[in-house]
Amino acid sequence: MAETAKKSLNLKELSKKPELLTGGHRLCAGCTASVVMRQMLLAAEDPVIISNATGCLEVATTIYPYSAWLTPWIHSAFENSAATITGVESMYNSLKRQGKLPVDKKIRFIALGGDGGTYDIGLQSLSGALERGHNFTYICYDNGAYMNTGIQRSSASPLGADTTTTPAGKVIAGKQQYRKDLTAIVAAHNIPYLAQASPSHWRDLMEKVRKALNTEGPAFLNVIAPCHRGWRCKIDEGIELARSAVETCFWPLYEIADGKLTINYKPRQRKPLQEWMEPQGRFNHLFKPENAAILERLKERVKLDWHLLLDLEIKQKLDLKEWQGVLKDKYNIDYPVEY
Ligand SMILES: Cc1ncc(C[n+]2csc(CCOP(=O)(O)OP(=O)(O)O)c2C)c(N)n1
Ligand SMILES: [Mg+2]
């Protein structure tokens with residue numbers, strides 16, 4: 001069962017908590033992955049054990065012989081962060097059953113991965129762990145490419161993005177495929193809690209972390225994490241671009257708790273997608289007249305996805321009969337389902 005966050009988040013109280021990801025790590029200045037991690041760790045109410053798939057976060061926070069983590073933390077290979085942490089969780093449960101660990105102590109298990117490690121190579125281990133029903137939270141920080149190895153495209157890179165393996169030039173105009181909707185794929189596993197979040201909306205993110213960690217069973221968070229190297233924006237623009245991804249509905253904030261979808265933030269006026277794209281060098285070429293069709297495709301798709309999400313939220317509030325009534329009254333459509 002997904003649980004609501006136990007206590008409300010209070011900045012004064014949070015400021016007294018020790019930072020469990022210490023300074024001195026070697027992530028780039030302005031990297032938002034470390035902001036996401038600090039928000040995550042501050043939100044955690046119980047001790048955590050973390051497994052981290054390789055990627056920028058893993059590499060730059062644990063350059064041998066140092067570690068910036070003040071939590072138990074396991075380096076995991078690229079493809080199996082979820083398998084690693086669910087192995088730890090299983091062992092923990094076994095030791096408790098054998099009476100070798102106290103039964104009343106609560107420990108939370110977290111698997112971390114970038115978009116490459118989660119949308120692509122780690123998808124099988126994530127899917128298996130979710131389906132087996134382990135008690136853990138998977139957090140994907142999505143910066144939209146394989147940043148650590150030199151900005152190669154991943155299945156999370158947006159349509160049209162200029163990456164080193166989809167270079168925009170005379171032959172192609174950046175990535176040719178639309179991004180994979182991983183959050184929807186995770187939703188299809190029918191787990192008790194999942195959400196999309198952004199570090200720009202820190203309270204929303206931290207509440208979601210708390211709900212995820214307090215969930216009995218698997219939980220998943222997909223968090224947008226701008227990378228100024230790969231997005232080719234200014235160093236200090238990361239959080240503003242995370243905010244603008246939400247305001248343009250490229251990255252809607254929503255959650256699905258026990259099957260119920262809630263959109264946590266609806267911009268009063270959806271901002272034009274260009275406002276998010278223009279500061280990012282990876283999209284420069286899409287503003288040339290010859291690439292107008294790709295820009296249009298991306299804009300249309302973001303709009304469609306947002307509208308589908310709104311539809312879903314509305315539809316689940318109505319039962320089928322009410323929905324049939326709406327379709328008939330408003331559009332004169334007969335919805336072909338018999339009771
Ligand atoms: C099996 C395997 N293939 C490739 C690599 C090389 N590798 C290490 S990190 C990385 C990119 C990680 O991308 P992502 O998960 O998106 O994290 P980011 O670096 O963007 O934070 C790659 C390809 C590896 N370590 N293991
Ligand atoms: Mg990445």
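Look above for the structure.
Please read these numbers as outputs of a predicted model, since none were measured by experiment.

**Some thoughts on the overall build of the protein chain**
The secondary structure content of the protein chain amounts to 13 helices and eight strands. Taken against the 2.2 N^0.38 rule, which gives 20 Å for 339 residues, the C-alpha radius of gyration of the protein chain at 21 Å falls within 12% of a compact globule. Counting only C-alpha atoms and orienting by the principal axes, one finds that the protein chain spans roughly 65 × 55 × 40 Å. Burial status across the protein chain gives 44% buried among its 339 residues. Looking at the protein chain alone, contacts between residues at least 24 apart form 69% of all its contacts between residues at least 6 apart.

**Things to note about the packing of helix α2 (residues 32-43) against helix α8 (residues 202-213)**
The N-to-C vectors of α2 and α8 enclose an angle of 55°; their axes lie 8 Å apart at closest approach. As far as their axial angle goes, α8 and α2 are oblique. Relative to α8, α2 is oriented so that their crossing is right-handed. Taking contact as the criterion, the partners of Gln39, Met40, Leu42 and Ala43 in α2 are, on α8, Trp202, Leu205, Met206, Val209 and Arg210. Here the contact of α2 with α8 is composed, by residue class, of seven nonpolar, one polar and one charged.

**So, the pairing of strand β6 (residues 219-224)**
With respect to burial, β6 is a largely interior element, six of its six residues being buried. Two strands pair when backbone bridges link them, and strand β4 (residues 137-142) and β6 are joined in this way by six bridges, in the parallel orientation. In the sheet register, Cys140 faces β6, and the bridge partner there is Asn222. Bridge count between strand β5 (residues 193-197) and β6: five bridges; the pairing is parallel. Residue Tyr193 lies in a different strand from β6, and its bridge partner there is Ala219. For the segment spanning β5, α8 and β6, crossover handedness is right-handed.

**Overview of the environment of Lys12**
With respect to the element layout, Lys12 can be found in helix α1 (residues 11-16). Taking the C-beta count within 10 Å as the criterion, Lys12 has 6 such neighbours and is therefore assigned exposed. Between the C-alpha atoms of Lys12 and Ala225, which are 213 residues apart in sequence, the distance is 25 Å.

**Thoughts on the packing of helix α4 (residues 81-97) against helix α6 (residues 123-132)**
Between α4 and α6, the least distance of the axes is 7 Å, while the angle of their chain directions is 35°. Contacts from Ala82, Ala83 and Thr86 in α4 reach Ser125, Leu126, Ala129 and Arg132 in α6.

**Notes on the site of ligand 1**
Residues in contact with ligand 1 amount to 17 residues; listed here are only the nearest, Gly55, Gly114, Gly116, Met147 and Asn148. Elements supplying a minimum of two residues to the shell around ligand 1: α3 (56-61), β3 (108-114) and α5 (115-120). Residue contributions to the shell around ligand 1 peak at three residues, all from α5. For the shell around ligand 1, the per-class residue count stands at five nonpolar, ten polar and two charged.

**Re the sheet that holds β4**
Hydrogen bonds along the backbone pair up the strands of a sheet, which may run parallel or antiparallel. Pairing is mixed across the open sheet formed by eight strands, whose spatial order is β2-β1-β3-β4-β6-β5-β7-β8. Each of the sheet's edge strands pairs with one partner strand only, and the pair in question is β2 (73-76) and β8 (260-263). On average, each strand axis in the sheet is tilted by 15° relative to the strand beside it, whichever way the strands run. Pairing geometry for strand β1 (residues 48-53) and β3, over five bridges, is parallel.

**Looking at the environment of Thr86**
Within the secondary structure, Thr86 is located in helix α4. With 191 residues separating them along the chain, Thr86 and Met277 place their C-alpha atoms 38 Å apart. The contacts of Thr86, once residues within four sequence positions are left out, are Ala129, Arg132, His134 and Phe136.

**Examining the nonpolar core**
Counting residues in hydrophobic clusters, the biggest one holds 83 residues, and the most contacted among them are Ile139, Val209 and Val223. Examining the composition of this core, we find that seven residues originate from one element, α2, more than from any other. Apart from residues lying up to four places away in sequence, Val223 is in contact with Val36, Ile139, Cys140, Tyr141, Asp142, Ala197, Ser198, Pro199 and Leu205.

**A closer look at α6**
Of all the positions in α6, only Ser125, Leu126, Ala129 and Leu130 are classed as buried. Buried residues along α6 cover an arc of 130° about the axis, so they all sit on one side. Pointing more than 90 degrees away from the buried face of α6 are the exposed residues Gln124, Glu131 and Arg132. As for α6, its buried residues are in contact with α4, α5, β4, α7 (182-187) and β6. Just downstream of α6 lies Gly133, where phi reads positive at about 85°.

About the cut-offs
- Throughout, a residue's number is its position along its own chain's written sequence, starting from 1.
- Written order decides the labels, with chains lettered from A and ligands numbered from 1.
- Residues qualify for local features only when their pLDDT is at least 70, as the model is predicted, and side-chain atom pairs are given and counted only at 80 or more; totals for whole chains, interfaces and linings, by contrast, use all residues.
- Segments assigned H or I by DSSP are reported as helices when at least four residues long, segments assigned E as strands when at least two residues long, and all are numbered from the N terminus.
- Note that the radius of gyration is over C-alpha atoms, with the globule rule given as 2.2 Å times the number of residues to the power 0.38.
- Counts of 20 or more other C-beta atoms within 10 Å of a residue's own C-beta define buried residues, counts of 12 or fewer define exposed ones, and intermediate counts define partly exposed ones; C-beta atoms are placed from the backbone.
- Once C-beta atoms have been placed from the backbone, residue pairs whose C-beta atoms lie within 7 Å are recorded as contacts.
- Orientation is described by lines fitted to C-alpha atoms, with helices fitted over the stretch in contact, and by angles between N-to-C directions that extend from 0 to 180 degrees.
- Comment on the angle field: the value is read as roughly parallel under 35 degrees, roughly antiparallel over 145, roughly perpendicular from 65 to 115, and oblique elsewhere.
- We call a crossing left-handed when the near helix sits turned anticlockwise from the far one by less than a right angle, and right-handed when that turn is clockwise.
- Residues are grouped as follows: nonpolar covers Ala, Val, Leu, Ile, Met, Phe, Trp, Tyr, Cys and Pro; charged covers Asp, Glu, Lys and Arg; every other residue, Gly included, is treated as polar.
- At least two DSSP bridges between two strands are needed for those strands to be called paired.
- Looking down the strands as they point away from the viewer, one classifies a crossover as right-handed if the path from the first strand across the helix to the second runs clockwise.
- Using a C-beta atom placed from the backbone for every residue, we mark a residue as near a molecule or strand if that atom lies within 6 Å of it.
- A set of buried Ala, Val, Leu, Ile, Met, Phe, Trp, Tyr and Cys residues, joined through C-beta atoms within 7 Å, is what we mean by a nonpolar core.
- The arc in question is formed by the directions pointing from the helix axis toward the C-beta atoms.

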